[in-house]
Each structure stands twice: as structure tokens, then as C-alpha cells.
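Listed below, chain by chain, are the residues.
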Amino acid sequence: MQVQLMPIFLTLALATSCLVGEPSLSGVSSPQVYLNNQLCSSSGGTANCTANLAATQSTKDNTCPTSSNQHLWPIDGAASDCHGWAATDSTGRQHYNSADQIKCSCDGTSMTYSQYPGVLDCSGTANPKSFQLNQCVQGTPPSLWDTATDLSCCVPMDDCVSALQDQADWLQNGVRYQPEVPDADRDLFITIGMTDKSDCTEINNRTILKLYVGPNTTQTCQGWNHYLNPYPDTSVVHQNSAVGVKCVDGGVSYTQYTDVDCGGDHPTDKTDWYQQCHQGMPPTVYTEVLDFSGCLKQGYKPTPGQ
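What you are looking at is a predicted structure, and each value in this text was computed from that prediction instead of being measured. (Residues numbered from 1 in each chain as written. Predicted model: local features only at pLDDT ≥ 70, side-chain atom pairs only at ≥ 80, totals over all residues. Heavy atoms only, no water.)

Peer 1: Just checking my understanding: could you explain the nonpolar core for this structure?
Peer 2: Generally speaking, soluble globular proteins have nonpolar side chains that are buried together. Counting residues in hydrophobic clusters, the biggest one holds 18 residues, and the most contacted among them are Ile-190, Ile-192, Leu-211, Val-213, Val-245, Val-252 and Phe-292. Of all the secondary-structure elements, those providing two or more residues to this core are strand E14 (189–195), strand E15 (208–212), strand E17 (237–248), strand E18 (251–257) and helix H2 (293–296). Setting aside residues no more than four positions away along its own chain, Val-252 makes contact with Ile-190, Ile-192, Val-213, Val-245, Lys-246, Cys-247, Lys-270, Thr-271, Asp-272 and Val-289. Counting residues in each nonpolar core, the second largest holds 14 residues, with Ala-54, Ile-102, Leu-151 and Cys-154 among its members. (Core = buried A, V, L, I, M, F, W, Y, C linked by side-chain atoms within 4.5 Å. Buried < 20%, exposed > 50% of the residue type's maximum accessible area, 1.4 Å probe, protein only. Helix = DSSP H or I, 4+ residues; strand = E, 2+ residues; numbered from the N terminus. Contact = heavy atoms within 4.5 Å.)

Right, dumping it as C-alpha cells:
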């Protein structure tokens, strides 16, 4: 398996409490919340939307100060459950959004979902989004800055730690960038999950490769280490690198080398696809683009041929 993961030395602690209730929005006018296109009881409807909740906020301040604009998300439903919300702006116009595939990362430090603008029923084209716990990250649209403020319901973390410790392969991202990634391109990246499972299950935070896809990084050699023994054993390592990393509609293409400085004798041209698990090279590896946000910010479409 050829992947790259930042060196993650996790400090995990089980939360002492978990937010439970109906999803909600605060800091907006006339909020309404829906579950599978049915109005929730907290918004005056009949649907019981009680769930374990995660708290996030979005502001226009790149320091993410504490804000009244809080969103409480349901995180324990089915992946296909559609969480919808509506709010009214200062001109009286209603804005609709919805999301599915809402889930926590294995280590409980982030939440991801697919958002559908303009609709309450999760139809149309989705935009992948994520929130990082206590980290201020530029969002979509780029005028917003996002952070997760409470992911205490993202459990069981003990199972996650056990799974990570048993992982036979793990990655270390960012071993080499030559030339360095410019500051202007630091928020333009994608992530690729890799696994030996043909349905791309068992991808976790130690088997995720992060590649920069900005307009100024196509000639940057991006190198990473792939360790073959369980974490944190570094005794057996395969080094890998990629150059020419660029977005395409629905995915990302690049040329991969079996060394850390893009100078090997056997380069391999690769393309990985967003939300599509496919067999890679070598054929024992299956890959899927998990975070396509760096390409979306540059106008690329989340599916091929759109």
C-alpha cells in the first residue's frame, strides 16, 4: 500500500458528557430543522429528531472567536439520513441547505459530511465539508472560517485507538516538499484514503494521504513514508513521492515514484476518484478521495463529466 499520513501522535480522552437533543441552529433568524424532509418537533413539526449531537460554528473571522452562530448536528443516524435546515436573511429571503454522510473521524477530532445547497432533501450535487476540533480552518465559501467546538459524542474512541494500534500499515505525510508549498496554496489540498479492502472499509487516520493541489504546486515533489509494521514501528519503510499533482473533475491525477524525491526509474501515472473506491497500483491497494475541497475551491466538479 502506498499512502501518506502526517505523523499523528494522538492524545485521546473519552469525553465526560455527550450532547443529546434535537439538532438546532443559533445566531440566525427563523431557523427550522428537518430530518429526511420532515420538520423536527423543536421547529414546530412532528418528527422526533432527538440524537447525539456535535457542535460547530462558522464565522468570517479567521481566528474563529466564540460565536453565537452555532450548529448542532446529528451524528448517530444512518449515513443516508438527511439533515436539513432553513434560515431567513435580513431581506426576508429563506436559505435552504441539507447534509448526509455525517460522521466523526475514527479518533474523534473531526466531523465530515456532504452538503447540498438550496434544498432540504439532500438531492443534487453535494459539496464535501469538514470541521476540525478546536482548529480554525477556511471553509466553503472561503469567506467563512469553520471549527468544531464539541465532538464529545464521537465515541467509542477506545475502539478507535485499538484499531489504530492494530493497523499493519501506516503513513507519515509531509516527509518532503521540494520546492516548498507556497502559503497561498496551503488551503488547497485533497486527501486520499487507502486500504486493502475492496470496498474501502477500514480506512483510518493513519492510512490517509494528503496532497496539495494548488496552481503553484504542480511541480512540487511531495514525499511520504509508508511503514509496513504496526504503529509506531518505523523499522520497515517504503518511501513514495508524487509530482504533477492536479485536479480533474471528480478526482485528482499525479505521477508517483517509489522514492521520496520523485527521481525513481519506474514512475506510475495515477488517478484517484472522489467518493469512488477503486483498485489501485499495486492491485492489492484500493483508494478513494475523501476530501475534495481543494479542488472544489478552484472550480472543479465533484463528479467526472459534469
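The rest of the description comes next.
Peer 1: Even after reading the chapter, I still don't get the layout of surface pockets, so can you show me in this structure?
Peer 2: The probe, sized like a water molecule, is rolled over the atoms to show the empty space still left. What the second largest pocket holds in volume is close to 660 Å³. In terms of lining, the second largest pocket is formed by 27 residues, of which the most central are Val-28, Ser-58, His-71, Trp-85 and Leu-144. Listing elements by their share of the lining of the second largest pocket, those giving two or more residues are strand E5 (51–59), strand E6 (70–74), strand E7 (83–88), strand E8 (94–104), strand E9 (110–117) and strand E10 (127–132). Counting residues per element, the lining of the second largest pocket draws most heavily on E7, at four residues. Classifying every residue of the lining of the second largest pocket by side-chain character gives ten nonpolar, 14 polar and three charged. (1 Å grid on protein atoms, 1.4 Å probe; cavity = no way out; pocket = protein on both sides within 12 Å on 5 of 7 lines; lining within 4 Å. Points joined across faces, edges and corners; volume = space filled by probe spheres on them. Nonpolar A, V, L, I, M, F, W, Y, C, P; charged D, E, K, R; others polar.)

Peer 1: How do you make sense of unusual backbone geometry when you look at a structure like this?
Peer 2: With an omega dihedral of -5°, the bond running from Gln-178 to Pro-179 counts as a cis peptide bond. The residue Pro-179 is located in the loop between strand E13 (170–178) and E14 in this model. The phi dihedral of Cys-64 falls on the positive side, at around 50°, and the residue is not glycine. Along the chain, the position of Cys-64 falls in the loop between E5 and E6.

Peer 1: What's the story with the environment of His-83 in this structure? I'm lost.
Peer 2: Assignment of secondary structure puts His-83 in strand E7. We classify His-83 as buried; its relative accessible area is 2%. With 45 residues separating them along the chain, His-83 and Gln-38 place their C-alpha atoms 9.5 Å apart. Not counting the four nearest positions on each side in its chain, His-83 is found in contact with Pro-23, Val-33, Tyr-34, His-71, Leu-72, Trp-73, Pro-74, Asn-97, Ser-98, Ala-99, Ile-102 and Cys-122.

Peer 1: What's the story with the state of the cysteines in this structure? I'm lost.
Peer 2: Such a bond, covalent and formed between the sulfur atoms of two cysteines, is termed a disulfide. Considering all chains together, one arrives at eight disulfides under this definition. Across the disulfide from Cys-64 sits Cys-136; the S-S distance is 2.0 Å. Disulfide Cys-64-Cys-136: the torsion about the S-S bond is 75°, which places it as right-handed. Taken together, the positions of Cys-64 in the loop between E5 and E6 and Cys-136 in the loop between E10 and strand E11 (137–138) put the pair 72 residues apart, joining distant regions of the chain. Taking relative accessible area as the criterion, Cys-64 reaches 13% and is therefore assigned buried. (Disulfide = S-S within 2.5 Å.)

Peer 1: I keep staring at the pattern of salt bridges and nothing clicks. Help me out?
Peer 2: Pairing is possible between side chains of opposite charge, provided their charged atoms come close. Counted according to the given criterion, the structure contains two salt bridges. Here Glu-180 makes a salt bridge to Arg-186, at a shortest N to O gap of 3.8 Å. Under the relative-accessibility criterion, Glu-180 is labelled exposed at 52%. Among the ionic pairs, Asp-187 bridges to Lys-297, the shortest N-O distance being 3.8 Å. (Salt bridge = Lys/Arg side-chain N within 4 Å of Asp/Glu carboxyl O.)

Peer 1: Teacher, can you tell me more about the sheet that holds E14 here?
Peer 2: Whether parallel or antiparallel, the strands of a sheet pair through hydrogen bonds between backbone atoms. Strands sit in the order E15-E14-E21-E20 across an open sheet of four strands; the sheet is antiparallel. Each having just a single partner strand, E15 and strand E20 (278–279) make up the two edges of the open sheet. Two elements, E14 and strand E21 (residues 286–291), share five bridges in a ladder whose sense is antiparallel. In the sheet register, Thr-195 faces E21, and the bridge partner there is Tyr-286. (Pairing = 2+ DSSP bridges.)

Peer 1: How should the sheet that holds E17 be read in this particular structure?
Peer 2: Strand order in this open sheet of five strands is E13-E16-E17-E18-E19, and the pairing throughout is antiparallel. In the strand order of this sheet, the two ends are held by E13 and strand E19 (268–273), each with one partner. Recorded for the sheet is a direction-independent mean angle of 35° between the axes of neighbouring strands. In this sheet, E17 lies alongside strand E16 (residues 221–227) in antiparallel orientation, the contact comprising six bridges. Opposite Trp-224, over in E17, you have Asn-240 as the bridge partner. (Axes fitted to C-alpha atoms, helices over the stretch in contact; angles between N-to-C directions.)

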